[in-house]
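Below, each chain spelled out in residue letters.
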Amino acid sequence: MSELSPSARRVQEALDQLGLVLQVVELPGSTRTAVDAAQAIGCTVAQIAKSLIFRAKETNRPVLVIASGVNRVNEKTIASLLGEKIGKADADFVRRRTGFVIGGVPPVGHIERVETFIDEDLMGYEGIWAAAGTPHAVFRLTPDDLVKATGGMVVSIH
Ligand code: 5CA
């Protein structure tokens, strides 16, 4: 849609290119955090698919963990799946390596391919919501769409 802001439009274009019929929406309320997003959308926090970027400590590559809004990521669990330690990414790393700012990082449409892990707890919902490039933009998708769109590995993140 032409009225989307540039970052949200990039996410819409990435979804279109993947052949997914999913619609980015920009909301008046903030969707910066999972709690904000749930409130603005009117869904549960557990249905928010938060896209968290970590930094692989040896290769310095970005790693994406898409977690249910109510869950915490156990970095050791992800590290053992990846075969490399991971740490928190700072705001600058996130922006440089994904092309998006914290609070709007989407699961797709990044500057470079990002190794992706998906929280298995998201798989039990009919509909989930993900960020779409800005702290006001989101889109609704199914867990199946999320797996297809990202090629991510569904794992326990605990
Ligand atoms: N748009 C919402 C819902 S999809 C969203 O993006 N939520 S989020 O949880 O995925 O994004 C916020 C996350 O960014 C936080 O959980 C936290 O992991 C990370 N974050 C917040 N502030 C910082 C910071 N200063 N440096 C690094 N990471 C941060």
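Quick note: structure is the one above.
Further remarks concern the site of the ligand. The environment of the ligand is formed by 14 residues, the closest being Thr31, Arg32, Lys50, Ala89 and Gly103. At 3.4 Å from a nitrogen atom of the ligand is found a main-chain nitrogen or oxygen belonging to Arg32. The cavity where the ligand resides is the largest pocket. Of all elements in the fold, only helix H2 (34-41) and strand S2 (48-56) reach the threshold of two or more residues within the shell around the ligand. Per element, the largest residue contribution to the shell around the ligand is five residues, and it comes from S2. Tallied by class, residues from the shell around the ligand come to eight nonpolar, four polar and two charged.

We now examine the nonpolar core. The biggest cluster of nonpolar side chains holds 29 residues, and the ones touching the most others in it are Val11, Leu15, Val24 and Phe139. For this core, the secondary structure elements donating two or more residues are helix H1 (6-17), S2, strand S3 (62-68), helix H4 (91-98), strand S6 (128-131), strand S7 (137-141) and helix H5 (143-150). Counting residues in each nonpolar core, the second largest holds twelve residues, with Phe54, Val65, Ile78 and Phe117 among its members.

Moving on, we come to H4. Inspection of H4 places Phe93, Val94, Arg97 and Thr98 among the buried residues, and these make up the whole buried set. Along the axis of H4, the buried residues cluster in a sector spanning 100°; they form a single face. Structurally, H4 contributes buried residues whose contacts are with S2 and S3. For H4, the N-terminal capping position is held by Asp90, with its side-chain oxygen 3.1 Å away from the main-chain nitrogen of Asp92. Immediately beyond the C-terminal end of H4, within one or two residues, lies Gly99, with a positive phi of roughly 90°.

Moving on: the pattern of salt bridges. The tally for this structure, following the rule as stated, stands at seven salt bridges. Two residues, Asp92 and Arg95, come together in a salt bridge whose shortest N-O distance is 2.8 Å. Of this pair, Asp92 and Arg95 both sit in helix H4, separated by three residues, roughly a single helical turn. Residue Arg95 is classed as partly exposed on the basis of its relative accessible area of 42%. Residue Arg97 is joined to Glu112 by a salt bridge in which the shortest nitrogen-to-oxygen separation is 2.6 Å. With Arg97 in helix H4 and Glu112 in the loop between H4 and strand S5 (115-119), the pair connects residues that are 15 residues apart, well separated along the chain. By relative accessible area, Arg97 is classed as buried at 18%. Glu112 gets classed as partly exposed once you look at its relative accessible area, which sits at 28%.

The rules we used
- Residues numbered from 1 in each chain as written.
- Predicted model: local features only at pLDDT ≥ 70, side-chain atom pairs only at ≥ 80, totals over all residues.
- Heavy atoms only, no water.
- Near = heavy atom within 4 Å.
- Polar contact = N/O pair within 3.5 Å; in protein donor to acceptor, adjacent residues only side chain to side chain.
- 1 Å grid on protein atoms, 1.4 Å probe; cavity = no way out; pocket = protein on both sides within 12 Å on 5 of 7 lines; lining within 4 Å.
- Sits in = over half its atoms within 2 Å of the grid points.
- Helix = DSSP H or I, 4+ residues; strand = E, 2+ residues; numbered from the N terminus.
- Nonpolar A, V, L, I, M, F, W, Y, C, P; charged D, E, K, R; others polar.
- Core = buried A, V, L, I, M, F, W, Y, C linked by side-chain atoms within 4.5 Å.
- Buried < 20%, exposed > 50% of the residue type's maximum accessible area, 1.4 Å probe, protein only.
- Arc of directions from axis to C-beta.
- Contact = heavy atoms within 4.5 Å.
- Salt bridge = Lys/Arg side-chain N within 4 Å of Asp/Glu carboxyl O.

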